[in-house]
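One-letter residues, chain by chain:
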Amino acid sequence: MIIKKGIPISEGIGIGKAFVYQKKKEIEKQEAICADEKEKFHHALESKKKELEEELLQATDLKKEIVEMHMQMISDPMFYDSVLEILENEECNASYAVYKAGQNIAEIFQNMKDEYFKERALDIRDISFKIIDELEGNQSIDDIKEEIILFADELFPSDALNLNKKYVKAIVTSKGGKTSHTAIIAKNEGIPFLSFVDLSDINPGDMAIVSFDDEKVIISPDEALLNEYISKKEEKEQEELRLLEFKGKESLSLDQKPVGVYSNISNVKDALKAKENTADGIGLFRTEFIYSNRSSAPTEEEQFELYKEVLQIMEGKTVIIRTIDIGGDKHLDYIDIGKEDNPFLGMRAIRYCLKEEGIFRTQIRALLRASQYGDLKIMFPMISSLEELLSAKKIVEEEKENLEIKKPISIGIMIEIPSAAILSDILAKHVDFFSIGTNDLIQYTLAADRMNESVSYLYSYYNPAVLRLIKMTADSAKKAGIHLGICGDMAGDEKILPYLIALGFDELSVPTSKVLKTRYNLSRHDSKNEELIKNMGNASTEQEVLKTLKNG
Amino acid sequence: MFKVDINSENGLHARPAGMIAKIAQAFAGEVKIKKGDKEVDAKSIMSIMSLGIQKGDSIIVDVIGMGSELIEGKLKEVFDSFGE
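For every chain, the first residue of the written sequence is number 1, and numbering continues from 1 along that sequence. Each chain gets a letter, beginning with A, and each ligand a number, beginning with 1, in the order they are written. Since the coordinates come from a predicted model, pLDDT governs what is reported: local features require at least 70, and pairs of side-chain atoms require 80 or more to be given and counted, while whole-chain, interface and lining totals use all residues. The side-chain numbers reported here are obtained from all heavy atoms of the structure, hydrogens and water having been left aside.

## Quick notes on the overall build of chain B
Part 1 of the reasoning: Counting its regular elements, chain B contains three helices and four strands.
Part 2 of the reasoning: The secondary structure elements of chain B, listed N-terminal to C-terminal, are β-α-β-β-α-β-α.
Part 3 of the reasoning: Exposure is judged per residue with a 1.4 Å probe applied to protein chains only, and the accessible area is read against the type maximum: over 50% gives exposed, under 20% gives buried, and values in between give partly exposed. Counting over 84 residues, chain B shows a buried share of 51%.
Part 4 of the reasoning: For chain B, contacts bridging at least 24 residues in sequence account for 68% of all contacts bridging at least 6.
Part 5 of the reasoning: In short, Shrake-Rupley with a 1.4 Å probe defines the accessible areas, and a residue's cover is counted only from the protein chains shown. Here chain B displays about 4100 Å² of accessible surface, and carbon together with sulfur accounts for 49% of that area. In DSSP terms, a helix is any run of H or I states spanning at least four residues, a strand is any run of E spanning at least two, and both are numbered starting from the N terminus. The criterion used for residue contact is that any of the two residues' heavy atoms lie within 4.5 Å.

Listed below in structure tokens is the structure:
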């Protein structure tokens, strides 16, 4: 039995066999008999083709394009001839020939001037490694067809999109922080997730337990321990059943003040889940995912259809759509931001949109057109000054005029940069709502990289400086009489909830899986609590904040 | 044989290249694409893309074999739909 500590990211207990997912970088050359290796290669090629064909049948639009391209590349004559030539000339193993053929072709692309073609090198490497995995019998995420615990150094957003909750009972990684895209997806799907775990000595097939509450991973547990966790897991499932009573109930505090329990979503699937869990609205629709995993930006029409669909799913309830937030840790193949030393302090979100207006205007037009189908509100991310806000609003006004749309549109901003919180009294006069993005606000206030393990001890929303910025923002919103929401991780934290509702938050936007829990927690606390506000103002350390919250 | 001027912003990117390769693969004869002095087999998406065809480039498409007119027509449709 081995016990490993980790940083808890997504709640729950997961029990299953270890599945170790590795991304290889290089293949070694071995001498081999050409005819045998040819046979192996053909065999691997055929079974991969069949697999892709099956995948294509189930793929949604987003994935379809990638699968189709992979299918074409895999049966490409240039690639095929090149592999056979290497096999014959070098009398080597098939894996190496595939690797080298992929490398050679990728290099041609890599050396091209045009960024678009340059980046296709990655697709070619990707597909050659898919064949190599097939040849070597390596496990890949798409192959998972039984209940497992997924172990990986790091998962990329495209990997994360392929996660199937039915099979993946928990995720354990050695890298990747609390707010990585994988974390967001895991939380939304309700898959337990622990990060910063040392992955040595973990073998495929080992029995593993992942526990969020205990912040640990147990490999090859003894029977007593295994049974203990199985019953804990059952208990949790029981609690979930109790929460079902809150389905469809009005979201009210103990003293009967309505506070909207909204949901954060990234796609239509999430929207359906939000609806199923009876969220009072969508507090954050992250649109970046519409742009990822594809070779060019989505058209106005595509976006319009998607936003319209989400609005129709929500049946008149508020849907706050955040304009694209790229840069930082989110990259797109077809957008070149250039290499930055500090991407989180660089061309991100609204900054990029205001510089390269094309992509932004397309999105704004799609949003304005879709706004006719429900209660759509536009939210700008990463606003740091009034000038930025006014420039972005001007673009909305211009497009509104171009489209001859008369219906007024609500515009709000994320408060996630300390300067915006400090300036919130002024910003409040120019918007219809605020939504506090706690994840970035913490990172920027404490100058602590949210992905950096060594400073993760700083990264906390119980930090008194962060809480003061939140209070400052809340006070400005109340004074200006605008809607006040919060959409970061803090919104779903039950310890801080009494303070948030005391500050007068109108809306808490949480992952779809936390809607009912949050509604239940809300029902247990009063919205009027001057005492708590006063005591929180006096708390000078994280410890004191936690103590104050505990004493109510 | 026909000439195409590429006008679309992204050049001849993966989608149209893929569609061209698909049409070429279904054809028993030969389909060649020529840019400058480089000529490639259009049955291979990688070969087509390895030409790095960008906005402003002119290419020659050559279809050889039985039923070449039909294939030429289909290929022209692809080029048209991508704004070339």
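Let's pick the thread back up.
## A few points about the sheet that holds strand β8 (residues 216–219) of chain A
Residue and element names in this part refer to chain A.
Part 1 of the reasoning: As summarised here, the arrangement of the eight strands in space is β1-β8-β7-β3-β4-β5-β6-β2, forming an open sheet in which the pairing is mixed. The open sheet has two free edges, formed respectively by β1 (2–5) and β2 (7–10), since each of these has just one partner strand. Going across the sheet, the axis of each strand differs from the next one's by a mean of 30 degrees, ignoring polarity.
Part 2 of the reasoning: At least two bridges found by DSSP between two strands is the condition for calling them paired. Here five bridges tie strand β3 (residues 13–21) to strand β7 (residues 207–211), and the two strands are oriented antiparallel to one another. All axes are obtained by fitting lines to C-alpha atoms, using only the stretch in contact for helices, and the reported angles, taken between N-to-C directions, cover 0 to 180 degrees.

## Let's talk about the interface of chain A and chain B
Part 1 of the reasoning: In this assembly, 18 residues from chain A lie in contact with 19 residues from chain B.
Part 2 of the reasoning: The term buried area denotes the loss of accessible surface (1.4 Å probe radius) that occurs when two parts are joined, taken as the sum for both partners. Counting the surface lost from both chain A and chain B, the interface buries some 1600 Å², and carbon and sulfur atoms represent 67% of this.
Part 3 of the reasoning: When the area that chain A buries against chain B is broken down by residue, the three leading residues are Gln72, Tyr116 and Phe117 of chain A, summing to 33%.
Part 4 of the reasoning: A side-chain nitrogen of Lys or Arg and a carboxyl oxygen of Asp or Glu constitute a salt bridge if their distance falls within 4 Å. Counting every contact that joins chain A to chain B gives zero salt bridges.
Part 5 of the reasoning: Polar contacts, as counted here, are pairs of nitrogen or oxygen atoms within 3.5 Å of one another; within protein the pair requires one atom able to donate a hydrogen and one able to accept it, and residues that are adjacent in sequence qualify only if both atoms are side-chain atoms. On inspection of chain A and its partner chain B, the count reaches four residue pairs in polar contact (both at pLDDT 80 or more).
Part 6 of the reasoning: Where the side of chain A that touches chain B is concerned, the elements lending two or more residues are α2 (61–74), α3 (77–90), α4 (94–110) and α5 (115–136) of chain A.
Part 7 of the reasoning: Side-chain classes are defined by residue name, with Ala, Val, Leu, Ile, Met, Phe, Trp, Tyr, Cys and Pro counting as nonpolar, Asp, Glu, Lys and Arg as charged, and the others, Gly among them, as polar. Its residues placed into classes, the side of chain A that touches chain B shows twelve nonpolar, two polar and four charged.

## Focus on the nonpolar core
Part 1 of the reasoning: Side-chain atoms within 4.5 Å are what join buried Ala, Val, Leu, Ile, Met, Phe, Trp, Tyr and Cys residues into a set we call a nonpolar core. Core analysis: the largest hydrophobic core is formed by 96 residues, its most contacted members being Phe285, Tyr307, Phe380, Ile413, Phe434 and Phe505 of chain A.
Part 2 of the reasoning: The residues touching Phe380 of chain A, leaving out its near neighbours within four places in the chain, are Thr323, Ile350, Phe360, Ile364, Leu389, Ala392, Lys393, Val396, Ile411, Gly412, Ile413 and Met414 of chain A.
Part 3 of the reasoning: Residues Phe41 of chain A together with Phe2, Ala24 and Val78 of chain B belong to the second largest nonpolar core, which totals 66 residues.

## Things to note about the pattern of salt bridges
Residues and elements named next belong to chain A.
Part 1 of the reasoning: One pass over the full model with this rule turns up 38 salt bridges over all chains.
Part 2 of the reasoning: Taking the shortest distance from any N to any O, the salt bridge between Asp325 and Arg322 comes out at 3.9 Å.
Part 3 of the reasoning: Under the relative-accessibility criterion, Arg322 is labelled buried at 5%.
Part 4 of the reasoning: When salt bridges that share partners are traced, they join Glu300, Glu301, Glu357, Arg361, Arg365, Arg369, Lys394, Glu398 and Glu399 into one network.

## Structural notes on helix α14 (residues 386–403) of chain A
Residues and elements named next belong to chain A.
Part 1 of the reasoning: If you check α14, its first and last C-alpha atoms are 26 Å apart, about what 18 residues at 1.5 Å a residue would give, namely 26 Å.
Part 2 of the reasoning: All buried positions along α14 are accounted for by Leu386, Glu388, Leu389, Ala392, Ile395, Val396, Glu399 and Lys400.
Part 3 of the reasoning: Among the structural elements, α12 (349–355), α13 (357–370), β12 (375–380), β13 (410–415) and α16 (424–427) are those in contact with the buried residues of α14. Helix span, as expected, comes to 1.5 Å for every residue beyond the first.

## Some remarks on the sheet that holds strand β15 (residues 483–486) of chain A
All names here are of chain A.
Part 1 of the reasoning: The sheet built from eight strands closes into a barrel, its strands ordered β9-β10-β11-β12-β13-β14-β15-β16 with parallel pairing. In this sheet, adjacent strand axes meet at a mean angle of 25 degrees when their direction is disregarded.
Part 2 of the reasoning: Where strand β10 (residues 282–286) and strand β11 (residues 318–322) come together, three bridges link them in parallel fashion. Across the sheet, the residue bridging to Ile282 is Val319, located in β11.

## Describing the packing of helix α1 (residues 34–58) of chain A against α5 of chain A
Residue and element names in this part refer to chain A.
Part 1 of the reasoning: Relative orientation of the contacting elements α1 and α5 amounts to 115 degrees, with a least axis distance of 9 Å. In terms of orientation, α1 lies roughly perpendicular with respect to α5. α5 is crossed by α1, and the crossing has right-handed handedness. The residues of α5 that touch α1, namely those facing Lys40, Phe41, Ala44, Leu45, Ser47, Lys48 and Glu51, are Lys130, Ile131, Glu134 and Leu135.
Part 2 of the reasoning: Classifying every residue of the contact of α1 with α5 gives five nonpolar, one polar and five charged. If an angle is under 35 degrees, it is roughly parallel; if it is over 145, roughly antiparallel; if it lies from 65 to 115, roughly perpendicular; otherwise it is oblique. The crossing is said to be left-handed when, going from far helix to near helix, the turn is anticlockwise and less than a right angle, and right-handed when the turn is clockwise.

## Some points on unusual backbone geometry
Residues and elements named next belong to chain A.
Part 1 of the reasoning: Non-glycine residue Thr278 carries a positive phi angle of around 55 degrees.
Part 2 of the reasoning: Mapped onto the secondary structure, Thr278 falls in the loop between α9 (268–276) and β10.
Part 3 of the reasoning: Residues other than glycine seldom take positive phi values, yet Ala349 does so here, at roughly 50 degrees.

## Description of the side chain of Lys400 of chain A
All names here are of chain A.
Part 1 of the reasoning: Within the secondary structure, Lys400 is located in helix α14.
Part 2 of the reasoning: For the buried Lys400, no salt bridge is present, and the opposite-charge side chain at shortest range is Glu397, 4.5 Å distant.
Part 3 of the reasoning: Ignoring sequence-local partners within four residues, the contact set of Lys400 consists of Leu368, Ile405, Lys406, Lys407, Pro408 and Ile409. Under this rule, positive means Lys or Arg and negative means Asp or Glu; His and the chain ends count for nothing.

## Quick notes on the pairing of β13 of chain A
Residue and element names in this part refer to chain A.
Part 1 of the reasoning: Within β13, five of the six residues are buried, which leaves it mostly tucked inside the rest of the structure.
Part 2 of the reasoning: Pairing geometry for β12 and β13, over four bridges, is parallel. Counterpart to Ile378 in the pairing with β13 is Ile411.
Part 3 of the reasoning: Look down the strands so they point away from you; if the path from the first strand over the helix to the second goes clockwise, the crossover is right-handed. The handedness of the β12 to β13 crossover, carried by α14, is right-handed.

## Let's talk about the side chain of Glu37 of chain A
Residue and element names in this part refer to chain A.
Part 1 of the reasoning: Residue placement: Glu37 occurs in helix α1.
Part 2 of the reasoning: We classify Glu37 as buried; its relative accessible area is 8%.
Part 3 of the reasoning: Reaching out from Glu37, the side chain makes a polar contact with the side chain of Lys40 at a distance of 3.1 Å.
Part 4 of the reasoning: With near-sequence residues (within four places) excluded, Glu37 lies in contact with Ala32, Leu87, Cys92, Asn93 and Ala94.

## Description of the pairing of β7 of chain A
Residues and elements named next belong to chain A.
Part 1 of the reasoning: β7 sits mainly inside the fold: four of its five residues count as buried.
Part 2 of the reasoning: Here β7 runs beside β8; their pairing, made up of four bridges, is antiparallel. Note that in β8 the partner of Val210 across the bridge is Val217.
Part 3 of the reasoning: Between β7 and β8, which pair antiparallel one after the other, the connecting turn spans four residues, and Glu215 there sits at a positive phi close to 55 degrees.

## Here we look at the confidence of the model for chain B
All names here are of chain B.
Part 1 of the reasoning: Summary of the metric used: pLDDT quantifies the predictor's per-residue confidence within the range 0 to 100. Overall, the prediction assigns chain B a mean pLDDT of 88, with 98% of residues at 70 or greater.
Part 2 of the reasoning: Here helix α1 (residues 14–25) is the element of chain B with the lowest mean pLDDT, 87, and strand β2 (residues 30–35) is the one with the highest, 94.
Part 3 of the reasoning: As a predicted assembly, this complex carries a pTM of 0.60 together with an ipTM value of 0.82.

## Comments concerning the environment of Asp222 of chain A
Residue and element names in this part refer to chain A.
Part 1 of the reasoning: Checked against the element boundaries, Asp222 lands in the loop between β8 and α8 (223–243).
Part 2 of the reasoning: Remark: the alpha-carbon pair of Asp222 and Met1, spanning 221 residues in sequence, is separated by 6.9 Å.
Part 3 of the reasoning: Here the side chain of Asp222 touches Leu225 through a polar contact of 2.9 Å, landing on its backbone nitrogen.

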